[in-house]
Structures are given as C-alpha cells and as structure tokens.
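Tertiary structure, described
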Amino acid sequence: MAAYLSASSYMGAVAEVTRGTTPATGTVFWVPVSAPQVTPNQTFLRDEAFRGSPVMLYDMVQGNRHDEYDHKSYCYADTFPFFMKALLGGTDTVTATTASYSHAIPLLNTPATGCQPPSYSMCDFDGANFFVLPGAQASDLALTFGAEVASDAQMKWITNSYADATSAPAPFTALSESAEHLIPGWDTTISVAGTPLTYIASGELKLDRKTAPIFTMGNQTSFANFAGPIDVTGKFTAVVNSNADIWSTPSATGFALVNTEKALVITMTDPNDLHTAIHDSISFTMTNVQFYNPKRVRVKDYLEIEVEFAATADVTDATTGYAPLKATIVNGIAAAF
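The following paragraphs examine the structure supplied in this document. (Residues numbered from 1 in each chain as written. Predicted model: local features only at pLDDT ≥ 70, side-chain atom pairs only at ≥ 80, totals over all residues. Heavy atoms only, no water.)

Thoughts on the side chain of threonine 237
Summarising the element assignment, threonine 237 is placed in strand S16 (residues 231–239). The exposure class assigned to threonine 237 is buried, which follows from its relative accessible area of 12%. Those residues in contact with threonine 237 that sit more than four places away from it in its chain are Tyr199, Ile200, Ala201, Ser202, Glu304, Ile305 and Glu306. (Helix = DSSP H or I, 4+ residues; strand = E, 2+ residues; numbered from the N terminus. Buried < 20%, exposed > 50% of the residue type's maximum accessible area, 1.4 Å probe, protein only. Contact = heavy atoms within 4.5 Å.)

Describing the packing of aromatic side chains
Two descriptors summarise a pair of aromatic rings, namely the distance from one centre to the other and the angle between the planes of the rings. If you walk through the whole model with that rule in mind, you get 17 aromatic pairs. Arranged with centres 6.3 Å apart and planes meeting at 65°, the rings of tyrosine 10 and phenylalanine 130 form a pair that is edge-to-face. Within this pair, whereas tyrosine 10 is found in strand S1 (residues 10–15), its partner phenylalanine 130 is found in strand S8 (residues 130–146), the two being separated by 120 residues in sequence. Its guanidinium or amino end placed over the ring of tyrosine 58, arginine 51 lies 4.3 Å from that ring's centre, counting from NZ or CZ. Between the NZ or CZ atom of arginine 65 and the centre of the ring of tyrosine 162, over which it lies, the distance is 5.0 Å. (Phe/Tyr/Trp six-rings, centres within 6.5 Å; stacked < 30°, edge-to-face > 60°. Lys NZ or Arg CZ within 6 Å of the ring centre and 35° of its normal.)

Thoughts on the environment of threonine 79
Relative to the helices and strands, threonine 79 resides in the loop between strand S4 (59–74) and helix H1 (80–88). Its relative accessible area of 6% is what places threonine 79 among the buried residues. Taking C-alpha positions, threonine 79 is 6.2 Å from valine 31, a pair spaced 48 residues apart along the chain. With near-sequence residues (within four places) excluded, threonine 79 lies in contact with Trp30, Val31 and Ser178.

Let's talk about the environment of isoleucine 329
Topologically, isoleucine 329 is positioned in strand S20 (residues 326–331). Using a relative accessible area of 0% as the deciding quantity, one classes isoleucine 329 as buried. Taking the C-alpha atoms as reference, isoleucine 329 lies 54 Å from leucine 57; in sequence the two are 272 residues apart. With sequence-adjacent residues up to four places away left out, isoleucine 329 is seen in contact with Ala77, Phe80, Pro81, Met84, Tyr101, Ser102, His103, Ile105, Ser281 and Ile282.

Looking at the pattern of salt bridges
All told, the structure shown has 9 salt bridges when counted by the stated rule. With a closest N to O distance of 2.6 Å, glutamate 48 and arginine 46 form a salt bridge. Residue class for glutamate 48 comes out partly exposed when judged on its relative accessible area of 34%. Two residues, aspartate 70 and lysine 156, come together in a salt bridge whose shortest N-O distance is 3.3 Å. (Salt bridge = Lys/Arg side-chain N within 4 Å of Asp/Glu carboxyl O.)

Considering unusual backbone geometry
That bond from alanine 170 to proline 171 is cis: its omega, 0°, falls within 30 degrees of zero. Here alanine 193, not a glycine, exhibits a phi torsion of approximately 55°, which is positive. Topologically, alanine 193 is positioned in the loop between strand S11 (188–192) and strand S12 (195–196). Its identity is not glycine, yet asparagine 293 carries a phi of approximately 55°, on the positive side. In this fold, asparagine 293 is placed in strand S18 (residues 278–297).

Some details on the nonpolar core
Grouped together as the largest cluster of nonpolar side chains are 63 residues, with contacts concentrated most on Phe80, Met84, Phe236, Trp247, Phe284 and Met286. Those residues in contact with phenylalanine 284 that lie beyond four places of it in its chain are Phe80, Met84, Leu143, Leu205, Leu264, Val265, Ile266, Met268, Leu325, Lys326 and Ala327. (Core = buried A, V, L, I, M, F, W, Y, C linked by side-chain atoms within 4.5 Å.)

Regarding the pairing of strand S13 (residues 200–208)
As a general feature of sheets, a regular strand has side chains that alternate between the two faces. Strand direction decides the pairing type here: S8 and S13, joined by 7 bridges, are antiparallel. Bridge pairing links alanine 142 to lysine 206 in S13. Sheet analysis places S13 next to S16, joined by 8 bridges and oriented antiparallel. Note that in S16 the partner of leucine 207 across the bridge is valine 232. (Pairing = 2+ DSSP bridges.)

Topic: the layout of surface pockets
The gaps of empty space that remain are located by a probe, the size of a water molecule, rolled over the atoms. Roughly 230 Å³ of volume is contained in the largest pocket. Taken together, 13 residues form the lining of the largest pocket, with Thr27, Val28, Phe29, Ile333 and Phe337 sitting closest to its centre. Of the residues in the lining of the largest pocket, the class split is 7 nonpolar, 4 polar and 2 charged. (1 Å grid on protein atoms, 1.4 Å probe; cavity = no way out; pocket = protein on both sides within 12 Å on 5 of 7 lines; lining within 4 Å. Points joined across faces, edges and corners; volume = space filled by probe spheres on them. Nonpolar A, V, L, I, M, F, W, Y, C, P; charged D, E, K, R; others polar.)

A few points about H1
Counting buried residues in H1 gives 9 out of 9 residues, a clear majority hidden from the surface. Those residues of H1 lying buried are Phe80, Pro81, Phe82, Phe83, Met84, Lys85, Ala86, Leu87 and Leu88. In the segment just after H1, glycine 89 is the residue with positive phi, at about 85°.

Brief notes about a nonpolar patch on the surface
Taken together, the side chains of Phe44, Met56, Leu57 and Met60 make up a nonpolar region of the molecular surface, amounting to roughly 380 Å² of accessible area. Tracing the sequence through the fold places leucine 57 in the loop between strand S3 (34–47) and S4. The partly exposed category is assigned to leucine 57, whose relative accessible area is 32%. (Patch = residues over 30% accessible without salt bridge, like charges linked within 9 Å, V, L, I, M, F, W, Y side chains within 5 Å. Areas by Shrake-Rupley, 256 points an atom, 1.4 Å probe, with all protein chains shown as cover.)

In structure tokens form, the structure reads like this:
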C-alpha cells in the first residue's frame, strides 16, 4: 500500500444549529490551512491502590475526553470574517459600495444566552481520512504580521470527540477553496491616536477567549465547550529612527510609561484583490489601548524597540455594553457571516 499525501489536506467548517450536532446542510467555510492538527484529549484514571506488591500502577480507565483542532491560515479577506464571527460572535453588519462589502463584526453581549459565539462542526481531511469535530468553539487566534512576511493567523478550537470516515460526509462534499490572494505584511498600516506610524517592523495581535470544556455526570464528552471573556493583547517591534524616547512619555505615539490609553487601528490591505476601486482589507479597531513594557533591542546592526499593549473595554467598539475591539473586513461577499 502506498503512503498518503499530506498536501491533499483541507479544512471546512459549518455553523451548527444545535450545538454539538453536525447539520446535514449549510454554508461550508472552506479555509486554506497549513499545519493542521487534530488532537484527541483522552484522559485516563490511574488505579494505584495497594495490592500487596511493590507496584505503582495496576490499571488505566478512560476519563473525560475533549478534542482540539489547531491550524495556521494566511489572512484571506473572504474567509477571515469566519474567524472573527467564531471569536467575537456579534452580528455581521454588511455595508456596500457597489461590489465591495464591508463586514463589521463586534463582540456578542447577550447575558441571557451566556454571551457564547456560534459553534461549528469542523471537517479535517488529512489525505487519508475525514475527521469531523462537532461542537467546535473558537479558543484563540494569534495574528502575526511583518514587513518581510505574509500576515498569518494561528487558530485553536476546543471540540467534542471526533468521528472519522473514509469518504466526505455531508455537508462537506463539495470542496470550494478560496481564490483570493494572501495579504503581504508590508501592506499594513498602524495608527495610534490617529497618527500613522511608519517605523513598525513587525507585530502580533492575540484574541483569547480561554475556551475550555465543562464536564458533567452521565457523559464522557463535554457538557459544553465554553468561551470565556475576551482578552486582547499584542506587541510591536519598531525601528528607532529618532533619539526621542519612543513609546515613553511625552512621546505623542507611545505613552508606555504612564496611564494614558490611545486608539489603535491595524489595517492589513490586500494589494491584489480589487472590488471596483476598493482593495480587500482586514482591520482591527481598539479605541482604548494601554502600551507598556518598552524594551530596547540591540541584536541587529540597527536599534529597535519592542512594546506590548493591551486593549481595554470601551463603549465605542461595542454594540451593547463594553468591548475591547471591533473587526471590519472588506471583501466581495454580500452575505453576512
């Protein structure tokens, strides 16, 4: 028997109507991925009761189980809103300028329903078998971007136990991958308090829901895969192009040593995909950001400085209550995610 080809892998996801149940039909989001990984998390209970022998372990019995799905993806404007819907959960408000559609996705704030973003059923084909992971709840997304690399995102999901098959199950039977270009990191604009910063070399942005399974009696798998309150943090590496103390007070661009929150906007623009006169883009707006922990870095021939930041809750980025961030994606898709 021949070996199987990893390059044949692909991933799809469909929103669940009933959490934990894969629907027979629905819109499948086909996302080009790299380094996908299905991880079954089967715990075992150790029997270490004494039996009159110099032995530690006598048996191992299955405990609870949940699974995890990890993958990387470049930032394609036609699939990235799916990530934001899964993490933030709010209603996608679509506005249009002819054929370009702007998708504004806020943080869901509905206490009566637990403020839970939608769940999905994931389908991962590894070149040999299809693995369907129901009840998938987005856990965190780590976005990286830099002047010399492509912007990409590392995504983690907490799921129920997978089911495997040798043929594509419904609704994952008609593969239709993204046809858009990835976004090169150089075409990223960063502004602080409305001032564009042209000396940022690279950056990171993490959206963390700290999703974890909740187990109850009577079932080995989780009662719920529960998304916690969101935490938004990040980091920039900047070229020091002035002997002014960048990122410290009273610099107009930093304020990393005093309690002064500033508005931060990160916009990654696709220079190749055009819808009419508007390029596709992915943008994050954080109205209240505190910069902190500036560190000078002297490992290259030129001087750099790193600074961390955290987005704090505000009413501007929220539809209801408070939120630290709002995502806006421009693409050629008219339907809401």
